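Architecture at a glance
Here is what each chain is made of, one letter per residue.
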Amino acid sequence: MSRTQFYQSVDTTLTQIRSEGLWKPERPLRSPQGGEVEVVGQSAPVLNFCANNYLGLADSPSIAAAATSAMQTYGYGMASVRFICGTLDAHRELEAELADFIGTDDAITFAACFDANGAVFEPLLGAEDAIISDSLNHASIIDGVRLCKAARYRFKTRDMADLETQLQAARASDTEHILIVTDGVFSMDGYIADLAAICQLADTYDALVMVDDCHATGFIGPDGRGTPALHDVVERVDIVTSTLGKAMGGGMGGFIAARQNVVDLLRQRARPYLFSNALAPALVGGAMESLRLVRAGDDLRRQLESNATRFRSAMTTAGFELTGEGHPIIPVMIGDAALAAEMATRLLAEGVYVTAFSYPVVPIGTARIRTQMNAAHTDAEIDRAVAAFSRVGHELGILS
Ligand SMILES: *Cc1c(COP(=O)(O)O)cnc(C)c1O
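Since this is a predicted model, take the numbers as computed values, not measurements.

According to the domain assignment, the protein consists of domain 1 (21-55 + 298-395) and domain 2 (61-295). If you average the C-alpha positions of domain 1 and of domain 2, the two centres end up 27 Å apart. Summed over both partners, the interface of domain 1 with domain 2 comes to about 1500 Å²; 58% of that surface belongs to carbon and sulfur atoms. Taken together, domain 1 and domain 2 are joined by one salt bridge. R368 is the partner of D189 in a salt bridge, and the nearest nitrogen-oxygen pair spans 2.6 Å. Listing elements by their share of the side of domain 1 that touches domain 2, those giving two or more residues are α13 (299-318), β12 (329-335) and β15 (367-372).

Spelled out as structure tokens, the structure:
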């Protein structure tokens, strides 16, 4: 096939994405990320219910000041991987703080959690081993598992009976090490993984446990230490991966927290660590400050929880079908993909910015508006959003 035909096939794919209604538009903002944002093309600021900015720290002046100060001390960039000449004392301090917060011996940072999940499996497990993964795990886990030679098993999401079946299957085929991998929180549904049950099964079958806590670090569990702390299994969970790009100020960066020897081995062997640039000084300084804020008290977490309770209860009263539990991700179930998209468009016109999710991100026929609360929202703003949902819900015949 010719070069011309290559570009034609790209166009064909783009046309197909559009015609299937799966095109993901990007709406530029011209303000910081916050409870309210200015969207280009909208005459007034809109309420923002679709960011991972759970604690409202993305526009924190003290995080910006810490990032600026780190940049003034260390400069803009490292221009090196960690083992050549890219390691700052600040990188080691951040990793020690993250490990202390999560409750492990050490931690290792990456450019993103996507990289952390791409890094974690291949150095630790080989062809004699098995990875048992929840069917709804994040794309980066799926990709990371693909890079590793271990046998792959999948269990129906949050289905402990199926997890046990897969554990038995793995043990029956003479597997050496077994690693169970789960998201701490399933971000399309707003459910928290039952880590107590997973760890119990892991004990029975002598398996390791890994949790991706991106939608939990900083705000779920005691002191925001995540889902292992929530379920009181910090000691039993072997590996935690997470992000600095969500509740922790929303900047960039990922990390793996684990026992000392595991982290030591990852520093020697993890490819996205060995062959990719060190985290920029500003991100390191900002992350240190976000961790300090997260550890300073429960005020933001209390506000977030109260906002989530207020929204969930008012939306239920209004007659919407919601899913999820115990988490500020509150999906509003619509069903039809086109209807969900239309709802999101009309809500934006009403001053409420939300995003519709449909196939292939969620199963066919389960399109939804995934709302995410954050600590920056006021009661009045939550109420305004619920009123807009109700108006549009009636207009579109979703509410009777
Ligand atoms: C957001 C997310 C990631 C990716 O994190 P980044 O730091 O943005 O790369 C990985 N896993 C889960 C479960 C996530 O929600």
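Before going further, it helps to examine the packing of helix α7 (residues 160-172) against helix α8 (residues 195-204). Relative to each other, α7 and α8 sit at 25°, their axes nearing to 11 Å. Taken together, the axes of α7 and α8 lie roughly parallel to each other. Judged by the twist between their axes, the crossing of α7 over α8 is right-handed. Taking contact as the criterion, the partners of M160, L163, E164 and L167 in α7 are, on α8, A197, I198 and L201. Here the contact of α7 with α8 is composed, by residue class, of six nonpolar, no polar and one charged.

Summed over the entire model, instances satisfying the criterion amount to six aromatic pairs. Relative to F389, the ring of F311 has its centre 6.0 Å away and its plane inclined at 75°; by these criteria the two rings are edge-to-face. Taken as a pair, F311 in helix α13 and F389 in helix α15 (residues 379-395) lie far apart in primary sequence, 78 residues in all. Accessibility expressed as a relative area gives 0% for F389, which makes it buried. Each residue in the set F49, F311, F320 and F389 is aromatic and connected to the rest through ring pairs, giving one cluster. The ring of W23 has R18 lying over it, and the distance from NZ or CZ to the ring centre is 3.9 Å.

One ladder, built from five bridges, connects strand β4 (residues 130-134) with strand β5 (residues 151-155); its direction is parallel. Paired with I132 across the strands is Y153, a residue of β5. Remark: the β4/helix α6 (residues 139-146)/β5 crossover connection has right-handed handedness.

Residue pairs three or four apart in sequence face the same way in an α-helix, which turns once every 3.6 residues. Along its 13 residues, α7 runs 18 Å from first to last C-alpha, staying within 8% of the 18 Å computed at 1.5 Å per residue. Regarding α7, the residues found buried are M160, D162, L163, Q166, L167 and A170. Buried residues of α7, viewed axially, fall in a sector of 155°; they line one side. Those residues of α7 that are exposed and aimed more than 90 degrees away from the buried face are A161 and A172. Where α7 is buried, its residues touch β4, β5, β6 (178-183) and α8. The N-cap of α7, judged by a side-chain oxygen 3.1 Å from the amide nitrogen of A161 a few residues on, is D159.

Quick look at the sheet that holds strand β3 (residues 106-110) now. The strand order across the open sheet built from seven strands is β3-β11-β10-β9-β6-β4-β5, with neighbouring strands paired in mixed fashion. Each edge of the sheet is formed by a strand with only one pairing partner; in this case those strands are β3 and β5. Here the average twist between neighbouring strands, direction ignored, is 20°. Note: strand β10 (residues 239-243) against strand β11 (residues 254-258), five bridges, orientation antiparallel. Bridge pairing in β11 links I239 to A258. Together, β4, β5 and β6 form the strand contacts of α7, whose direction differs from that of β5 by roughly 160°.

The next point concerns the environment of Q168. Looking at the element boundaries, Q168 is found in helix α7. The sequence separation of Q168 and Y205 amounts to 37 residues, and the corresponding C-alpha distance is 7.9 Å.

What counts and what doesn't
- Residues numbered from 1 in each chain as written.
- Predicted model: local features only at pLDDT ≥ 70, side-chain atom pairs only at ≥ 80, totals over all residues.
- Heavy atoms only, no water.
- Domains from an automatic or database assignment.
- Buried area = accessible area lost by both parts, 1.4 Å probe.
- Salt bridge = Lys/Arg side-chain N within 4 Å of Asp/Glu carboxyl O.
- Helix = DSSP H or I, 4+ residues; strand = E, 2+ residues; numbered from the N terminus.
- Axes fitted to C-alpha atoms, helices over the stretch in contact; angles between N-to-C directions.
- Parallel < 35°, antiparallel > 145°, perpendicular 65-115°, else oblique.
- Left-handed = near helix turned anticlockwise from the far one by under 90°.
- Contact = heavy atoms within 4.5 Å.
- Nonpolar A, V, L, I, M, F, W, Y, C, P; charged D, E, K, R; others polar.
- Phe/Tyr/Trp six-rings, centres within 6.5 Å; stacked < 30°, edge-to-face > 60°.
- Buried < 20%, exposed > 50% of the residue type's maximum accessible area, 1.4 Å probe, protein only.
- Lys NZ or Arg CZ within 6 Å of the ring centre and 35° of its normal.
- Pairing = 2+ DSSP bridges.
- Right-handed = clockwise from strand over helix to strand, strands pointing away.
- Expected span 1.5 Å × (residues − 1).
- Arc of directions from axis to C-beta.
- Polar contact = N/O pair within 3.5 Å; in protein donor to acceptor, adjacent residues only side chain to side chain.

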